[in-house]
Amino acid sequence: LPPPRSPPPRPPPPLPAAAPQGAQKHSRSATADFSDGFKRRVVAHALQLSKSCRVKPTCNKFSMPGRTLYPPQLRRWLNDRGLMHDVFRALQGAGLSLADDV
């Protein structure tokens, strides 16, 4: 008996279609143009939630049709010391308290 033949080689996958003229790719700048007031409001809301469930619920609450607030973006805002200082002052001035585990 002759040895079994190996299957013929597969053709390469098709190349992706070129983007139509005028189509724009998403870029970081598309997510970086929230106003400072919006950022402060979002961070203030997040800081009032417990640390273990703060990021995703806040992103879901503040995302809008066509504008999504992504978790890594909110985490950057939470680590921004200048923004945090402003939010702490505003919360204290309004008599609001932060979550116990901040």
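This text goes with the structure placed above it.
Predicted model only: the values in this text are computed from it and were never measured. (Residues numbered from 1 in each chain as written. Predicted model: local features only at pLDDT ≥ 70, side-chain atom pairs only at ≥ 80, totals over all residues. Heavy atoms only, no water.)

A. Representation of the overall build of the protein. If you tally the helices and strands in the protein, you get 5 helices and 0 strands. When each of the 102 residues of the protein is scored for burial, the buried share is 24%. Summed over all atoms, the accessible surface of the protein reaches about 8,300 Å², with 57% contributed by carbon and sulfur. (Helix = DSSP H or I, 4+ residues; strand = E, 2+ residues; numbered from the N terminus. Buried < 20%, exposed > 50% of the residue type's maximum accessible area, 1.4 Å probe, protein only. Areas by Shrake-Rupley, 256 points an atom, 1.4 Å probe, with all protein chains shown as cover.)

B. Expanded view of the environment of F38. Structurally, F38 is set in helix α2 (residues 36-47). Take F38: its relative accessible area is 9%, and that puts it in the buried class. For the pair formed by F38 and F62, sequence separation is 24 residues and the distance between their alpha carbons is 9.3 Å. Beyond its immediate chain neighbours, meaning those up to four positions away, F38 contacts F62, M64 and W77. (Contact = heavy atoms within 4.5 Å.)

C. Here's a closer look at the nonpolar core. Counting 18 residues, the largest nonpolar core has V42, V43, L69, L74, W77 and L78 as its most contacted members. For this core, the secondary structure elements donating two or more residues are α2, α3 (55-62), α4 (71-79) and α5 (81-93). For this core, the leading source of residues is α2, giving 6 residues. Apart from residues no more than four positions distant in its own chain, V42 is found in contact with T58, F62, L69, L74 and W77. (Core = buried A, V, L, I, M, F, W, Y, C linked by side-chain atoms within 4.5 Å.)

D. Fine view of the packing of aromatic side chains. For the structure on display, the rule yields 4 aromatic pairs. Ring-pair connections join several aromatic residues into one group, and the members of that group are F34, F38, F62 and W77. Residue placement shows R67 over the ring face of F34; its charged tip is 4.2 Å from the ring centre. (Phe/Tyr/Trp six-rings, centres within 6.5 Å; stacked < 30°, edge-to-face > 60°. Lys NZ or Arg CZ within 6 Å of the ring centre and 35° of its normal.)

E. Fine view of the packing of α2 against α5. Their axes nearest at 10 Å, the elements α2 and α5 cross at an angle of 70 degrees. In terms of axis orientation, α2 runs roughly perpendicular to α5. When you trace α2 past α5, the crossing you get is right-handed. Taken together, the residues of α5 that come into contact with α2 (itself represented by K39, R40, V43, A44 and L47) are L83, M84, D86, V87, F88 and L91. Per-class residue counts for the contact of α2 with α5 are 8 nonpolar, no polar and 3 charged. (Axes fitted to C-alpha atoms, helices over the stretch in contact; angles between N-to-C directions. Parallel < 35°, antiparallel > 145°, perpendicular 65-115°, else oblique. Left-handed = near helix turned anticlockwise from the far one by under 90°. Nonpolar A, V, L, I, M, F, W, Y, C, P; charged D, E, K, R; others polar.)

F. A look at the side chain of T58. Turning to its location among the elements, T58 is positioned in helix α3. Not counting residues up to four positions away in its chain, the partners in contact with T58 are V42, H45, A46, L49, L69 and L74.

G. Looking closely at α4. Within α4, burial applies to P71, Q73, L74, W77 and L78. All buried residues of α4 lie within an arc of 160 degrees about the axis, which places them on one face of the element. (Arc of directions from axis to C-beta.)

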